[in-house]
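# Chain and residue survey
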Amino acid sequence: MKERAWIELNMDHLKQNVHAFQSMLQKKCRIMAVVKADAYGHGAVEVAKYLETIGVTDFCVASVAEGIELRNAGVIGEILILGYTHPARLEEVVAYDLMQTVIDADYANNLKEFGKEIRVHVGIDTGMHRLGERFENIEEIIKIWEIKNLKIEGIFSHLCVADSMEKEDIAFTKLQIERFNQIRDKLIENGIKDFCMHIQSSYGVLNYPECEYDFVRLGVSLYGSLSAGEDKVKADIMLNPVLSLKSRIECVKELVVGESAGYGLDFTAKRNSKIAAVAIGYADGIPRNISKEAYVLCQGKRAPIVGRLCMDQILIDVTDIKEVAPHTEITVIGEEGAERITAEMFAGWAGTITNEIFSRLGKRLKIKS
Ligand SMILES: *Cc1c(COP(=O)(O)O)cnc(C)c1O
């Protein structure tokens, strides 16, 4: 790679993660790969096309535009739009054979006004209070089935505390699952059948592996990471990180003790130092507020990030590292020899979760698989 900064994907790891989940799940349960936000920065087209070659043919995205991008790239599997689509764009949902979420009963009316046959999954709000029609409104939910132009293929809900092992959060998750099952029973009582069901995303599967629905919607865990390094999960599963983030040294400077560097002269050399500028910055998705503990890997060694992050550069302290020169490769997330910076560590330094770090990786980064 002759780029200034880039992403490397390990597709074998992606395959291993798929197989690990498949062997854990019930036979009839399928993975719906969550490839929204450019597959959490991994490249939606690359990821979806690869997954199709290993038999994963169900996807979900956040928007109609993301669905169209996949279709234009030749993805032929099922694609569910999890979020809002403006009624003026429903024509495209149909044209590209995407499935739309019925966000709530009001939105069902927009779909009715659209008039043409459209494939949908109905969102049920079992307690998160984000999208979905409230589970209490069973009459409203059943009425959605009366809308003639809707081809309703499934119902789904979303768990909001499945990552937590706190007693009350476990109880709440179980309550959400129970409410979801109640909806299923009510629909069946009303003669409605032939719909698939899904409620688990990564932590739903990792902590409630006993659930038996038709699909699981896997995002972050499919890419081989937990959201946070300190999370403990119930399932005994090995996740292999798919993404590495790399860059290069642009230039190296010798600083004498007392000299400062970077915006605000935020870093001051406490000894004679060697400081390198690396060609990656906050415009590439490295949070500007990353903590002082943060480091990158250079020649298999840790090199602290010093001073303020810039839009296109970071400064690193390479005083103790031999053989650093312009073009030397740097690992921001990934392994070099015995050293490893996981996405979880990196997210921890930035005070956020891996999901956010991944999904904010910039468009400027080339993806190499
Ligand atoms: C983003 C999203 C997912 C995937 O979540 P992960 O925790 O990354 O697995 C699943 N379902 C819905 C509705 C989502 O919005």
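For every chain, the first residue of the written sequence is number 1, and numbering continues from 1 along that sequence. With the structure being a predicted model, the display of local features is reserved for residues of pLDDT at least 70 and the display and counting of side-chain atom pairs for 80 or more, all residues being used for whole-chain, interface and lining totals. Computation of side-chain values covers all heavy atoms of the structure but excludes hydrogens and water.

## What to know about the environment of K112
Note on placement: K112 falls in helix α6 (residues 105–114). With 35 residues separating them along the chain, K112 and I147 place their C-alpha atoms 6.2 Å apart. In what follows, a contact means two residues having at least one pair of non-hydrogen atoms within 4.5 Å. Leaving out residues up to four positions away in the same chain, K112 has contacts with I147 and N149. Put simply, DSSP marks the helices as runs of H or I at least four residues long and the strands as runs of E at least two long, and each gets a number from the N terminus on.

## A word on the site of the ligand
For each residue, the test is whether any non-hydrogen atom lies within 4 Å of the molecule or strand; if one does, the residue is near. Around the ligand, a shell composed of 13 residues is seen, among which K36, Y40, S202, R217 and V220 lie nearest. Counted as a polar contact is a pair of N or O atoms within 3.5 Å, where, for protein atoms, one must be capable of donating a hydrogen and the other of accepting one, and residues adjacent in sequence contribute only when both atoms are in side chains. The separation between a nitrogen atom of the ligand and a polar side-chain atom of R217 is 2.8 Å. Reported accessibility uses the Shrake-Rupley method at a 1.4 Å probe radius. Residues are deemed covered only where the shown protein chains occlude them. Taking 390 Å² as the accessible area of the ligand by itself, protein coverage stands at 88%. Taken together, the elements giving at least two residues each to the shell around the ligand come down to α2 (36–40) and β10 (215–218).

## Concerning the pairing of strand β5 (residues 99–102)
For a regular strand, side-chain orientation follows a simple rule: the groups alternate between the two sheet faces. Burial along β5 is two-sided: M99 and T101 and Q100 and V102, pointing in opposite directions, are all buried. Strands are labelled as partners when DSSP assigns at least two bridges between them. Pairing analysis gives 2 bridges linking strand β4 (residues 78–81) to β5, with the strands arranged parallel. Across the sheet, residue I81 finds its bridge partner in β5, namely Q100. Summarising the sheet, β5 and strand β6 (residues 118–125) pair through 3 bridges and their orientation is parallel. Along β6, the bridge assignment pairs V102 with V122. Note that the unit made of β5, α6 and β6 has a crossover that is right-handed. Accessible area is worked out with a 1.4 Å probe on protein chains only. A residue is then buried under 20% of its type maximum, exposed over 50%, and partly exposed in between. Whether a crossover is right-handed depends on one test, that the path from the first strand over the helix to the second runs clockwise when the strands point away from the viewer.

## Digging into unusual backbone geometry
A positive phi angle is found at L265, which is not glycine, with a value near 45°. By secondary structure assignment, the location of L265 is in the loop between β12 (260–261) and β13 (267–268). In this structure, Q299 takes a positive phi of about 50° despite not being glycine. Structurally, the position occupied by Q299 is in the loop between β15 (295–298) and β16 (301–306). Overall, Q299 belongs to the partly exposed group, its relative accessible area being 37%.

## Things to note about the side chain of D284
The residue D284 is located in the loop between β14 (273–278) and β15 in this model. Assessed through its relative accessible area of 0%, D284 is described here as buried. Engagement of the side chain of D284 in a polar contact is seen with the backbone nitrogen of G281, the distance being 2.8 Å. Within polar-contact distance, the side chain of D284 engages the side chain of R364 at 3.0 Å. Apart from residues no more than four positions distant in its own chain, D284 is found in contact with R4, M311, R360, L361, G362, R364 and L365.

## Structural notes on the environment of D231
Residue placement: D231 occurs in the loop between β10 and β11 (243–255). With 67 residues separating them in the primary sequence, D231 and S164 have C-alpha atoms 8.0 Å apart. Setting aside residues no more than four positions away along its own chain, D231 makes contact with Y203 and L226. At a separation of 2.6 Å, a polar atom in the side chain of D231 contacts the side chain of Y203.

## Here's the deal with the pattern of salt bridges
Oppositely charged side chains can pair when the atoms bearing their charge come close. By salt bridge we mean one thing: a side-chain nitrogen of Lys or Arg within 4 Å of a carboxyl oxygen of Asp or Glu. Going through the model one piece at a time under the given rule, you end up with 23 salt bridges. When the shortest N-O distance is used, the salt bridge between K28 and D214 registers 3.7 Å. One end of the pair, K28, is in the loop between α1 (11–24) and β2 (30–34); the other, D214, is in the loop between α9 (202–207) and β10, and 186 residues separate them in sequence. Assessed through its relative accessible area of 23%, D214 is described here as partly exposed. Between K234 and E210 there is a salt bridge, and its shortest N-O distance comes to 3.8 Å. Placement of the pair is K234 in the loop between β10 and β11 and E210 in the loop between α9 and β10, with a sequence separation of 24 residues. Classification of E210 as partly exposed rests on a relative accessible area of 43%. Each of the salt bridges in this network shares a partner with another, and the network as a whole consists of E78, D97, R119, K151 and E153.

## Some words on the pairing of β16
By the bridge criterion, 4 bridges tie β15 to β16 in an arrangement that is antiparallel. Note that in β16 the partner of Y295 across the bridge is P304. Here β15 folds back onto β16 in antiparallel fashion, the turn holding 2 residues, of which Q299 has a positive phi close to 50°. Of the strand pairs in this sheet, β16 and strand β17 (residues 314–317) are connected by 2 bridges, and their pairing is antiparallel. For V306, the partnering residue across the bridge sits in β17 and is L315.

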